Amino acid sequence: MARQKPIVVVTRKLPTAVETRMRELFDTRLKEDDKPMSQAQLVEAVKHADILVPTVTDRIDAHLLSQAGENLKLIANFGNGIDNIDILAANARNITVTNTPGVLTEDTADMAMSLILAVPRRFTEGMLYLKEHKDWPGWSPTWMLGHRVWGKRLGIIGMGRIGQAVARRARAFGMQIHYHNRRRLPEALEEQLEATYWESLDQMLARMDVISIHCPHTPATYHLLSARRLKLINKTAYIVNTARGEVIDEQTLARMIEKGEIAGAGLDVFENEPKINPKLAKSDRVVLMPHMGSATVEGRMDMGEKVIINIKAFIDGHRPPDRVLPSMI
């Protein structure tokens, strides 16, 4: 007798090839549209699913999990970040949680490097001027001047896979690499990246020309760049964030950019996403991207493959390769 396929509920529309493969392997309930599930829909999903496949837009908190059915045993997150899931509450209910690490590294690093270039060189301002004005007079020796990144100091906050990938790209552009991390990298890797370690985040912030954020959002990193720390940053420096918006005190950042106390910012993520701070939205010195760091066809396909591998390993009685443990948060 064939084993009954597990009920897998997917909360958002995924790439067609991923959805098709999931339908082949599991009893998969797909989302018809690309809108996030309502709270009522999420409650229904956790009541009936054996396996839930959420995304960053789904808040899987303790209250929601308290309404889950007895059959829910795996949450296979479609994404690397797991700040949308209450890992402790899931663990208490004997629900395994997995994510999709590693496959987004190069895409997110590309986005970060793009913003590191775009903000000081004023790429967006130049592009918008040509789109909005028909009377561009031509080249000028003094108009739309930005700053080169070659020779500038880049301070990386969070030197994991993505931070290291950004460091390699930035070295190719002639930047000097500095970093702050919970743990210092091995000496051989530091030498390879030509990176200078700062145990004190405060001391590093005060000396950098560009700051790029690559740490996860956890209770310990919420507003890591607080109002106090933002005031340590040079007024000629730029901030780039492709990690999580909650890591920065966004209100303070917006005020400081408006007052010229920070030169500018490149942001792919926002504290109250999808709402955008109005001061940031109207500033010429801020480049805004709609959370596109992992938005490549290849990246999303790789994420889907990771989800499928984790589900298959779990239902076959093996430990999923990308299991998230409470000790990791």
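Right above here is the structure, for reference.
Attention here is on the structure that accompanies the text. From a predicted model like this one, the values you see are computed outputs, not experimental measurements.

Okay, the overall build of the protein next. If you tally the helices and strands in the protein, you get 13 helices and twelve strands. Whereas a compact globule of 329 residues would reach a radius of gyration of roughly 20 Å, the protein reaches 22 Å, a difference of no more than 12%. The principal-axis extent of the C-alpha atoms belonging to the protein is close to 80 × 50 × 35 Å. Here the protein holds 329 residues, and 50% of them are scored as buried. Across the protein, the fraction of contacts at a sequence separation of at least 24, relative to all contacts at a separation of at least 6, is 59%. Only carbon and sulfur atoms are counted for the fraction: they give 52% of the accessible area of the protein, which is about 17,000 Å².

Another point: the environment of Ile311. With respect to the helices and strands, Ile311 occurs in helix H13 (residues 297-315). The residues touching Ile311, leaving out its near neighbours within four places in the chain, are Val8, Met22, Phe26, Ile51, Val53, Leu74 and Ala76.

For any two helices packed against each other, one specifies the crossing angle of their axes together with the interaxial distance. In the contact formed by helix H1 (residues 16-25) and H13, the axes pass within 9 Å of each other and the chain directions differ by 15 degrees. Considering the angle they form, H1 stands roughly parallel to H13. Both H1 and H13 take part in a crossing whose hand is right-handed. From H1, Ala17, Val18, Arg21, Met22 and Leu25 reach across to H13, where they touch Arg300, Met301, Gly304, Val307, Ile308, Ile311 and Lys312. Of the residues in the contact of H1 with H13, the class split is eight nonpolar, one polar and three charged.

Okay, the pattern of salt bridges next. Here the idea is simple: oppositely charged side chains can pair when their charged atoms come close. According to the stated counting rule, one finds 15 salt bridges in the structure shown. Linked through salt bridges whose partners overlap, the residues forming this network are Glu106, Asp110 and Arg169.

Taken together, seven strands build an open sheet; the order of strands is S8-S7-S6-S9-S10-S11-S12 and the sheet is parallel. Strands with a single pairing partner mark the edges of an open sheet, and in this sheet they are strand S8 (195-197) and strand S12 (286-288). Ignoring which end each strand starts from, the neighbouring axes of this sheet average 20 degrees apart. Sitting on the sheet, helix H7 (residues 161-172) is in contact with strand S6 (153-157) and strand S7 (176-180), with an inclination near 170 degrees to S6.

So, how was this worked out
Residues numbered from 1 in each chain as written. Predicted model: local features only at pLDDT ≥ 70, side-chain atom pairs only at ≥ 80, totals over all residues. Heavy atoms only, no water. Helix = DSSP H or I, 4+ residues; strand = E, 2+ residues; numbered from the N terminus. Rg over C-alpha atoms; globule rule 2.2 N^0.38 Å. Buried < 20%, exposed > 50% of the residue type's maximum accessible area, 1.4 Å probe, protein only. Contact = heavy atoms within 4.5 Å. Areas by Shrake-Rupley, 256 points an atom, 1.4 Å probe, with all protein chains shown as cover. Axes fitted to C-alpha atoms, helices over the stretch in contact; angles between N-to-C directions. Parallel < 35°, antiparallel > 145°, perpendicular 65-115°, else oblique. Left-handed = near helix turned anticlockwise from the far one by under 90°. Nonpolar A, V, L, I, M, F, W, Y, C, P; charged D, E, K, R; others polar. Salt bridge = Lys/Arg side-chain N within 4 Å of Asp/Glu carboxyl O. Pairing = 2+ DSSP bridges.

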